[in-house]
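Residue-level listing of the chains:
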Amino acid sequence: MRALVVFESMFGNTKVVADAVAEGLATRMRVTAVEVGVAPVAIEDDLALVVVGGPTHAFGMSRPGTRQDAAKQAERPLVSAGPGLREWLETVQGGSPQVAAAAFDTRIDKPRLPGSAARAAERRLRRLGLRIAVPAKSFYVAGTPGPLVAGEQERARRWGADLGALVAAGRPARWVT
Ligand SMILES: Cc1cc2nc3c(=O)[nH]c(=O)nc-3n(C[C@H](O)[C@H](O)[C@H](O)COP(=O)(O)O)c2cc1C
């Protein structure tokens, strides 16, 4: 059983979450985690699960303009300097209900703003024909450049482990909170 995790990240926080999710999933299946710029161009049917994650920008998935804004605020090169999750989800080929899918994002903890990149990504995953296994999930950062709020890395690992167990058991969609 094989899972693919595709992540976008500006300052590195979503990458940390993606790696933790992958670590959790790896308790149940083989996992490859890739930065969105080098993600495969097609979702193959032999995948059991696709998980996508990215930062919430302007209440949704990033766009070229919001990524430029992030670059101006970054002290180091961006983790994702090329296309984002939105562009990958718009161009990726394939997708069938045999493949389970889930989306996560990172967002600012305080104040909590409306809008979530994960919810937008989930809508797109559904339109691609994938079977949404669990609802979109948010993990929180303390400010735009981070860091992650204490405990979020471990929460991401647990979410990945629970998701992996659900998909490995082949059960129909059920909420993993
Ligand atoms: C241009 C821009 C717009 C943002 N808009 C939002 C937003 O609407 N809601 C929110 O909660 N966080 C917002 N943020 C904060 C990001 O979610 C935060 O920078 C991200 O979670 C950090 O993850 P990363 O290091 O993987 O990029 C924004 C950040 C940037 C740079």
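Asker: I'd like a rundown of the side chain of serine 62, residues and numbers included.
Answerer: Tracing the backbone shows serine 62 in the loop between strand S4 (49-55) and helix H2 (64-73). Looking at serine 62, the relative accessible area reads 1%, which means it is buried. Engagement of the side chain of serine 62 in a polar contact is seen with the side chain of glutamate 8, the distance being 2.6 Å. If we skip the residues at most four places from it in the chain, serine 62 touches Glu8, Pro55, His57, Arg67, Gly84 and Arg86.

Asker: Any details on the nonpolar core? Residues and values, ideally.
Answerer: Among the nonpolar cores identified, the biggest contains 26 residues, and Leu49, Val51, Trp159 and Leu163 are the most heavily contacted of them. Put simply, the parts of the chain that give this core at least two residues each are strand S1 (2-7), helix H1 (13-25), S4, strand S6 (100-108), strand S8 (137-141) and helix H5 (152-168). The leading source of residues in this core is H1, at six residues. For leucine 49, the contacting residues outside a window of four places in its chain are Arg2, Ala3, Leu4, Leu25, Met29, Val99, Ala100, Ala101, Leu163 and Val167. Counting residues in hydrophobic clusters, the runner-up holds 25 residues, among them Leu85, Ala120, Leu125 and Ile132.

Asker: Got a sec to walk through unusual backbone geometry? Specific residues and values, please.
Answerer: One can expect most non-glycine residues to show negative phi and most peptide bonds to be in trans. Note the cis peptide between lysine 110 and proline 111, where omega equals 0 degrees. With respect to the element layout, proline 111 can be found in the loop between S6 and helix H4 (117-127). Located in the positive-phi region is alanine 58, a residue other than glycine, with phi close to 45 degrees. When you line up the elements, alanine 58 lands in the loop between S4 and H2.

Asker: So what about the site of the ligand? Which residues, and what values?
Answerer: Ser9, Asn13, Thr14, Thr106 and Thr144 are the nearest of the 20 residues found near the ligand. Here phenylalanine 59 contributes a backbone N or O atom positioned 2.9 Å from an oxygen atom of the ligand. Calculation on the ligand without its partners gives an accessible area of 640 Å², and the protein chains cover 93% of this total.

Asker: Hey, could you go over the packing of H1 against H5 for me, with residue numbers and the actual values?
Answerer: Following both chains from N to C, one finds H1 and H5 inclined at 40 degrees, their axes separated by 6 Å at the closest point. Relative to H5, H1 is oriented oblique. Crossing handedness for the pair H1 and H5: right-handed. When H1 is examined against H5, the residues Val16, Val17, Ala20, Val21, Glu23, Gly24 and Leu25 are found in contact with a partner set consisting of Gln153, Ala156, Arg157, Trp159, Gly160, Ala161, Leu163 and Gly164. Across the contact of H1 with H5, the residue classes tally to nine nonpolar, four polar and two charged.

Conventions and cut-offs
Residues numbered from 1 in each chain as written. Predicted model: local features only at pLDDT ≥ 70, side-chain atom pairs only at ≥ 80, totals over all residues. Heavy atoms only, no water. Helix = DSSP H or I, 4+ residues; strand = E, 2+ residues; numbered from the N terminus. Buried < 20%, exposed > 50% of the residue type's maximum accessible area, 1.4 Å probe, protein only. Polar contact = N/O pair within 3.5 Å; in protein donor to acceptor, adjacent residues only side chain to side chain. Contact = heavy atoms within 4.5 Å. Core = buried A, V, L, I, M, F, W, Y, C linked by side-chain atoms within 4.5 Å. Near = heavy atom within 4 Å. Areas by Shrake-Rupley, 256 points an atom, 1.4 Å probe, with all protein chains shown as cover. Axes fitted to C-alpha atoms, helices over the stretch in contact; angles between N-to-C directions. Parallel < 35°, antiparallel > 145°, perpendicular 65-115°, else oblique. Left-handed = near helix turned anticlockwise from the far one by under 90°. Nonpolar A, V, L, I, M, F, W, Y, C, P; charged D, E, K, R; others polar.

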